[in-house]
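# Understanding the architecture of this molecule
Below are the chains, spelled out letter by letter.
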Amino acid sequence: KTRISKVSAPTLTVYLPEKGKANGTAVLICPGGGYSIVAIAHEGYDVAKEFNKMGVVAFVLKYRLPDNRIMKNKETGPLQDALQAMKVIKENASNYNINPNRVGIMGFSAGGHLAASAGTRYSEKISGITSNLSLRPDFMILVYPVISFADTLVHKGSRTRLLDSVRSKDKINAFSPDRNVNEQTPPTFLVHAGDDATVKVGNSIAFYEALIAHGIETEMHIYPKGGHGFGLNNSRATDSWFDRCKNWMTTNKWL
């Protein structure tokens, strides 16, 4: 199945590089789907296999979708799953030959919102998650991410599924990762298409500006065309964003 809906039990699928290829880096992948489905193949499994070729251990997260029937607080349900996954990866790093200080998080679309939330809210007391290790991702890779829940930039479906109709300024700020960046936010790689009609490119730009304002090293690639949901392959660009990402990871000594 390439699209999974009604997820009530989260899972973490591990993809290991060939023997002898692993370089100690790992990435947790959060596929997109507007918080209504999980696009697990082209924004999950396919990406994991590409990371394996680079010697990176990849974990694909099938997170629970916001639903009051299966979680105490649907606003933080998916975030619980992402942080729990970070905990599992870091606490079991030695089993997978992973350096616990080289574990990044990646997300596409609403999965980008989830990843960016994990990267800006990892120190919050999210119910049920305690760890002696820091759950801070060491880097973030966000592809056409949902970032802002403000009316001007919002992807309405994601916001409604997470927050229903609650629209207080405090709530909007709490759930907009660009409003929660600080000096400890991980270095970030951003990819978006300027003609994205589903999630406005302004989401990535807002996050980029917040990172720069706090002195966080960041790299952003905006392609004029590509729309939304292209996964690994933006067929409307001659350039491969994943190659750019690989270069970025090399520059930062994660490969």
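Notes on the structure follow. Here the residue numbers are simple positions, counted from 1 along each chain's written sequence. The predicted nature of this model means local features are confined to residues of pLDDT at least 70 and side-chain atom pairs, given and counted, to a pLDDT of 80 or more, with totals for whole chains, interfaces and linings taken over all residues. Here the side-chain values reflect all heavy atoms present in the structure, with hydrogen atoms and water set aside.

### Some remarks on the overall build of the chain
Within the chain, the regular secondary structure consists of seven helices and nine strands. Based on C-alpha atoms, the radius of gyration is set beside the globule rule, defined as 2.2 Å times the residue count to the power 0.38. A globule of 255 residues ought to have a C-alpha radius of gyration of about 18 Å, and the chain, at 17 Å, matches this closely. Its C-alpha atoms put the chain at 50 × 45 × 40 Å along the principal axes. Only protein chains enter the accessibility calculation, which uses a 1.4 Å probe; a residue whose area is less than 20% of its type maximum is buried, one above 50% is exposed, and one in between is partly exposed. Taking all 255 residues of the chain together, the buried fraction comes to 56%. In what follows, residue pairs with any heavy atoms lying within 4.5 Å of each other are defined as contacts. When contacts within the chain are restricted to residue pairs at least 6 apart in sequence, long-range pairs at least 24 apart make up 78% of them. Accessible area of the chain: about 11100 Å², with a carbon and sulfur share of 47%. Secondary structure elements are defined from DSSP: runs of H or I of at least 4 residues count as helices, runs of E of at least 2 residues count as strands, and each element is numbered from the N terminus. Areas reported here follow the Shrake-Rupley algorithm with a probe of radius 1.4 Å; residue values treat only the protein chains shown as occluding.

### Some words on the sheet that holds strand E9 (residues 218-223)
In this analysis, strands are considered paired if DSSP registers two or more bridges between them. The strand order across the open sheet formed by seven strands is E2-E5-E3-E6-E7-E8-E9, and the pairing between neighbours is mixed. Two strands lie at the open edges of the sheet, namely strand E2 (11-15) and E9, each paired on one side alone. Each neighbouring strand pair of the sheet contributes to a mean axis angle of 15 degrees, computed without reference to strand direction. In this structure, strand E8 (residues 188-193) lies alongside E9, joined through six bridges in parallel fashion. Looking across to E9, one finds that Val191 is bridged to His221. Note on geometry: axes are lines fitted to C-alpha atoms, helical ones only across the stretch in contact, with angles between N-to-C directions running from 0 to 180 degrees. Running at roughly 170 degrees to strand E5 (residues 57-62), helix H1 (residues 41-53) makes contact with E2, strand E3 (26-30), E5, strand E6 (103-108) and strand E7 (140-143) of the sheet.

### Overview of the packing of aromatic side chains
The aromatic pairing rule takes the rings of Phe, Tyr and Trp, using the six-membered ring of Trp, and pairs them if the centres are within 6.5 Å, calling planes under 30 degrees apart stacked, those over 60 edge-to-face and the rest tilted. Within the structure shown, the criterion is met by 13 aromatic pairs. With a centroid separation of 5.4 Å and an interplanar angle of 90 degrees, the aromatic rings of Phe59 and Tyr96 are classed as edge-to-face. With Phe59 in strand E5 and Tyr96 in the loop between helix H2 (77-91) and E6, the pair connects residues that are 37 residues apart, well separated along the chain. Note on Phe59: relative accessible area 3%, which makes it buried.

### Regarding the pairing of E8
Burial analysis of E8 places six of its six residues in the buried class, the great majority of the element. Residues Thr188, Leu190 and His192 line one face of E8 and the alternating positions Phe189, Val191 and Ala193 line the opposite face, and both faces are buried. By the criterion used throughout, a crossover qualifies as right-handed when its path from the first strand across the helix to the second strand runs clockwise, the strands pointing away from the viewer. With helix H6 (residues 202-213) bridging E8 and its parallel neighbour E9, the resulting β-α-β unit is right-handed.

### Some thoughts on the nonpolar core
Side-chain atoms within 4.5 Å are what join buried Ala, Val, Leu, Ile, Met, Phe, Trp, Tyr and Cys residues into a set we call a nonpolar core. Of all hydrophobic cores here, the largest spans 78 residues; its most connected members are Ile29, Phe51, Met106, Ile141, Trp241 and Met249. At six residues, H2 tops the list of elements feeding residues into this core. Among all residues touching Trp241, those that are not within four sequence positions of it are Met106, Phe108, Ile141, Val143, Phe189, Val191, Tyr223, Phe230, Gly231, Leu232 and Asn233.

### With respect to the side chain of His155
Residue position: His155 is located in the loop between E7 and helix H4 (156-163). For His155, a relative accessible area of 16% puts it in the buried group. Two N or O atoms count as a polar contact when they lie within 3.5 Å, although within protein this holds only if one can serve as hydrogen donor and the other as acceptor, and sequence-adjacent residues are included solely when both atoms are side-chain atoms. Within the structure, the side chain of His155 is placed 2.7 Å from the side chain of Ser158, a separation counted as a polar contact. Residue contacts for His155: discarding those within four places in its chain leaves Gly34, Val146, Thr198 and Val199.

### Quick notes on the side chain of Glu75
Within the secondary structure, Glu75 sits in the loop between E5 and H2. Of note is the side chain of Glu75, whose polar atom sits 2.9 Å from the side chain of Lys171. In this structure Glu75 touches Leu162, Leu163, Lys171 and Phe175, once residues within four positions along its chain are discounted.

### With respect to H4
Three or four residues apart is the spacing at which side chains of an α-helix point the same way, because the helix has 3.6 residues per turn. Residues of H4 that are buried: Ser158, Arg159, Leu162 and Leu163. Burial along H4 is one-sided: seen end-on, the buried residues are contained in an arc of 95 degrees. Looking at the buried positions of H4, the neighbouring elements they touch are H2, helix H3 (110-121) and helix H5 (169-174). Positive backbone phi, approximately 55 degrees, marks Asp164, located one or two places after H4. Comment: arc refers to directions from the helix axis out to C-beta atoms.

### A look at the environment of Ala93
Its location among the elements puts Ala93 in the loop between H2 and E6. Considering only alpha carbons, one finds Ala93 and Phe189, 96 residues apart in sequence, at a separation of 23 Å. Discounting chain neighbours no more than four positions away, the residues touching Ala93 are Ile98 and Pro100.

### Some points on the packing of H2 against H3
In the contact formed by H2 and H3, the axes pass within 9 Å of each other and the chain directions differ by 70 degrees. In terms of their interaxial angle, H2 and H3 are classed as roughly perpendicular. The chirality of how H2 crosses H3 is right-handed. Residues Pro78, Leu79, Ala82 and Leu83 of H2 pack against Leu114, Ser117, Ala118 and Arg121 of H3. Here the nonpolar group is Ala, Val, Leu, Ile, Met, Phe, Trp, Tyr, Cys and Pro; Asp, Glu, Lys and Arg are the charged ones; every other residue, Gly included, is treated as polar. In terms of residue class, the contact of H2 with H3 is built from six nonpolar, one polar and one charged. Here the angle decides the label: under 35 degrees means roughly parallel, over 145 means roughly antiparallel, 65 to 115 means roughly perpendicular, and every other value means oblique. Whether a crossing is left-handed or right-handed is set by the direction in which the near helix is turned from the far one by less than a right angle, anticlockwise for left-handed and clockwise for right-handed.

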